[in-house]
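# Per-entry structural report
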Amino acid sequence: MRYTYPFLFTFLSAILLHFTCLAQDIERLDGSTISPEALTEKVKSLTEAGEVHGLALAVFNNDEAVYTKTFGYRDLAKGWPLNLNTNMYGASLSKAVFAVLVMKLVEEEVLDLDTPLQSYLPKKIYEYEPQTRWHDHYGDLKDDSLYHKITARMALAHTSGFPNWRFYEEDKKLRVKQEPGSGYLYSGEGMVYLQVVIEKMTGRGLEELAQEKVFEPLGMENSAYQWEDRWKAEFARGHNTKGEGYGKDIDNEPRAPSTLETTASDYVLLWRPSYRGS
């Protein structure tokens, strides 16, 4: 299998390789151990066999990162290696950061998880003038009889009933496809809806809120929901199956489920137990 985005594989690997540590060795879930050096060699062999062009890996011990390492390249054609401070497109890892932000607002009693989101707004979501190119456009919901039931919990748990993205729909229109809360349906649109409601409630944008509530407290100095020119010097490209690098999308508007820009070193900081109160 070949992976386009190295950071997505990072997250999956960090979950699948969640070990506890015994002395300097790493203990697997089955009780056996492996040294950091042996783990490095094992990952190298797997990435070579799978033709994975770039990988950043973190192994956690009791919520602390005990092993962090990068493999491969941020730009294969140029032979530029990937490192822990290389800018990476976070893709759906954006969702975890947004969930932390939302729970901070819940702790501050700005938001309740089970209150219908529409009830926080003085007018219907579809009556607002769009402020972005597309993601806060809700005219399609004018005749929808279900969207007003959606809560923050549903948006975070992928049970809002919205599709993943409206542009995957045959007519490119947004609609609620099943009763909100009735079942799982993976949805980026659900999280964007929650984002837009929060922005209208607070009068503040996602990027501003994320910096204040998540990135700055954690010391995530190289993370944002939008591209910053300072990352031009070192960023990871996605690669196709031939190892050819894709261009970098730098004009994304901040979107809760999908536009995170970060580094391996920064993303590890998100899981600090002291920040979560454990």
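Now for a look at the structure at hand. (Residues numbered from 1 in each chain as written. Predicted model: local features only at pLDDT ≥ 70, side-chain atom pairs only at ≥ 80, totals over all residues. Heavy atoms only, no water.)

### Description of the sheet that holds strand β4 (residues 54–61)
Strands sit in the order β4-β5-β6 across an open sheet of three strands; the sheet is antiparallel. Strands at the two margins of the open sheet, each flanked by one partner only, are β4 and β6 (80–81). Pairing of strand β5 (residues 64–75) with β6, which is carried by two bridges, proceeds in the antiparallel orientation. Bridged to Tyr73 within β6 is Pro81. The sheet strands contacting helix α2 (residues 36–50) are β4 and β5, and the helix crosses β5 at an angle near 35°. (Pairing = 2+ DSSP bridges. Helix = DSSP H or I, 4+ residues; strand = E, 2+ residues; numbered from the N terminus. Contact = heavy atoms within 4.5 Å. Axes fitted to C-alpha atoms, helices over the stretch in contact; angles between N-to-C directions.)

### Details of the pattern of salt bridges
Considering all chains together, one arrives at 18 salt bridges under this definition. Glu179 is paired through a salt bridge with Lys149; the nearest N and O atoms lie 2.8 Å apart. With Glu179 in the loop between α4 (152–156) and α5 (188–202) and Lys149 in the loop between α3 (94–107) and α4, this residue pair connects regions lying 30 residues apart in the sequence. You can call Lys149 partly exposed: its relative accessible area is 34%. A salt bridge links Glu169 to Lys177, with the nearest nitrogen and oxygen atoms 3.2 Å apart. (Salt bridge = Lys/Arg side-chain N within 4 Å of Asp/Glu carboxyl O. Buried < 20%, exposed > 50% of the residue type's maximum accessible area, 1.4 Å probe, protein only.)

### Section: helix α6 (residues 206–218)
Since the α-helix packs 3.6 residues into each turn, any two residues three or four apart lie on the same face. Spanning 13 residues, α6 covers 17 Å between terminal C-alpha atoms, matching the ideal 18 Å at 1.5 Å per step. The largest bend in α6 comes to about 40°, at Glu212. Note on α6: the residue one or two positions beyond its end, Gly219, has a positive phi of about 75°. (Expected span 1.5 Å × (residues − 1). Bend = angle between axes of the 7 residues up to and from the residue.)

### Comments concerning the packing of aromatic side chains
All chains considered together, the criterion is met by 12 aromatic pairs. When the ring of Trp134 is compared with that of Trp165, the centres are 5.9 Å apart and the planes differ by 75°; the resulting orientation is edge-to-face. Of this pair, Trp134 sits in the loop between α3 and α4 while Trp165 sits in the loop between α4 and α5; the two residues are 31 residues apart in sequence, bridging distant segments of the chain. Seen from their ring centres, Tyr267 and Trp271 are 6.1 Å apart, and the 70° between their planes marks the pair as edge-to-face. With a relative accessible area of 26%, Trp271 lands in the partly exposed category. Over the face of the ring belonging to Tyr128 we find Lys123, whose NZ or CZ atom lies 4.7 Å from the ring centre. Positioned above the aromatic ring of Trp165, the side-chain terminus of Arg255 is 6.0 Å from the ring centre. (Phe/Tyr/Trp six-rings, centres within 6.5 Å; stacked < 30°, edge-to-face > 60°. Lys NZ or Arg CZ within 6 Å of the ring centre and 35° of its normal.)

### Digging into the side chain of Lys95
Tracing the chain through its elements places Lys95 in helix α3. Buried and unpaired, Lys95 has no salt bridge, with Glu189 as the nearest side chain of opposite charge at 11 Å. What Lys95 contacts, discounting residues up to four positions off in sequence, is His158, Tyr186, Met191, Ala256 and Pro257. (Lys, Arg positive; Asp, Glu negative; His and termini not counted.)

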